[in-house]
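Geometric and topological summary
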Amino acid sequence: MTSKIKALSVHLLTASGAVFAMLAMLAAVDEKWGLMFLWLVVAFAVDGVDGPLARKYDVRNNAARFDGVLMDLIIDYLTYVFIPAFALFRSDLLPGWTGWLAIIVITYASAMYFADSSMKTKDNSFHGFPGCFNMLVLVLFAVSPPIWVILFLVTVLSVAMFLPLKFIHPVRTVRWRLVSLPVALAWTFFAGWAAWVDFHPESWAHWGLVITSIYLVFAGIAQQIIPERAR
């Protein structure tokens, strides 16, 4: 297999995220939340592996006709923002005006963030919360907190997209990666488990989701506070 075919195969893998996004949207329209999140978890897994493969096979040079970064952003907006926001609105977690407020804030702020040319830091982390509302909404479905807690989290994370706060990329942020990558894999496992059992309230997956989510949200901020040891 030539290097160009390998690079093109990575683009095809990335593009499959659009199919998973459509399958998730169809499930969301039918209010099959467990199935919807299963497809979003699959898309999340694809998004986790296509980046390292793209760098390994140098898609920018070997398959330059297709812009992998642009493709990734389009699919990420669908799977990270648009579909989760729809699910939050359509479910009974946020009734009435609260649902409208949430989807407007999430989609509007995320559109601005995804167009931010300085969203990445020098260590390949994210400058501001990276719009991972798919992760937030999945945890909200699992835990079902009070309305005011949901609105608080949506508002705080939307504002955090534009604050000088660091959020790690579990794969690309080298510092603490030996911990961050297993935690991200554990989050994906717990997310799939929670969706598979249709967010059964007695599932242990919910605790795993909460614990791993706390680490993934605050690890980058902790790195800003804790100085890195000189090598």
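Provided above is the structure to which this section pertains.
Looking only at helices and strands, the protein has nine helices and two strands in total. Starting at the N terminus and walking to the C terminus, you meet the elements of the protein as α-α-α-α-α-β-α-α-β-α-α. Here the protein holds 231 residues, and 46% of them are scored as buried. The long-range fraction of contacts in the protein, counting pairs at least 24 apart against all pairs at least 6 apart in sequence, stands at 76%.

Turning our eyes to something else, we now look at the nonpolar core. Counting residues in each nonpolar core, the largest one holds 60 residues, and the members touching the most others are Met-36, Phe-37, Leu-88, Trp-187, Phe-199 and Leu-209. For this core, the secondary structure elements donating two or more residues are α1 (3-29), α2 (33-56), α4 (68-90), α5 (97-114), α6 (133-143), α7 (147-160), α8 (177-196) and α9 (205-225). Examining the composition of this core, we find that nine residues originate from one element, α6, more than from any other. Here Leu-88 is in contact with Leu-93, Leu-94, Ala-102, Ile-106, Val-137, Leu-140, Phe-141, Ile-150 and Val-154, once residues within four sequence places are set aside.

Relative orientation of the contacting elements α1 and α2 amounts to 165 degrees, with a least axis distance of 8 Å. It follows from the interaxial angle that α1 and α2 lie roughly antiparallel. Every pair of crossing elements has a handedness; the one defined by α1 and α2 is left-handed. Residues Val-10, Leu-13, Thr-14, Ser-16, Phe-20, Leu-23, Ala-24, Ala-27 and Ala-28 of α1 form the contact with α2, whose own contacting residues are Trp-33, Leu-35, Met-36, Trp-39, Leu-40, Val-42, Ala-43, Val-46, Val-49, Asp-50, Leu-53 and Ala-54. Across the contact of α1 with α2, the residue classes break down as 18 nonpolar, two polar and one charged.

A cluster of nonpolar side chains, namely Phe-189, Trp-193, Trp-196, Val-197, Trp-204, Trp-207 and Ile-211, defines an oily patch on the protein surface of about 930 Å² accessible area. Counting residues per element, the ones that place at least two in the nonpolar patch are α8 and α9. Tallying contributions element by element places α8 first for the nonpolar patch, with three residues. Residue position: Phe-189 is located in helix α8. Given a relative accessible area of 54%, Phe-189 falls into the exposed group.

Cut-offs applied
Residues numbered from 1 in each chain as written. Predicted model: local features only at pLDDT ≥ 70, side-chain atom pairs only at ≥ 80, totals over all residues. Heavy atoms only, no water. Helix = DSSP H or I, 4+ residues; strand = E, 2+ residues; numbered from the N terminus. Buried < 20%, exposed > 50% of the residue type's maximum accessible area, 1.4 Å probe, protein only. Contact = heavy atoms within 4.5 Å. Core = buried A, V, L, I, M, F, W, Y, C linked by side-chain atoms within 4.5 Å. Axes fitted to C-alpha atoms, helices over the stretch in contact; angles between N-to-C directions. Parallel < 35°, antiparallel > 145°, perpendicular 65-115°, else oblique. Left-handed = near helix turned anticlockwise from the far one by under 90°. Nonpolar A, V, L, I, M, F, W, Y, C, P; charged D, E, K, R; others polar. Patch = residues over 30% accessible without salt bridge, like charges linked within 9 Å, V, L, I, M, F, W, Y side chains within 5 Å. Areas by Shrake-Rupley, 256 points an atom, 1.4 Å probe, with all protein chains shown as cover. Salt bridge = Lys/Arg side-chain N within 4 Å of Asp/Glu carboxyl O.

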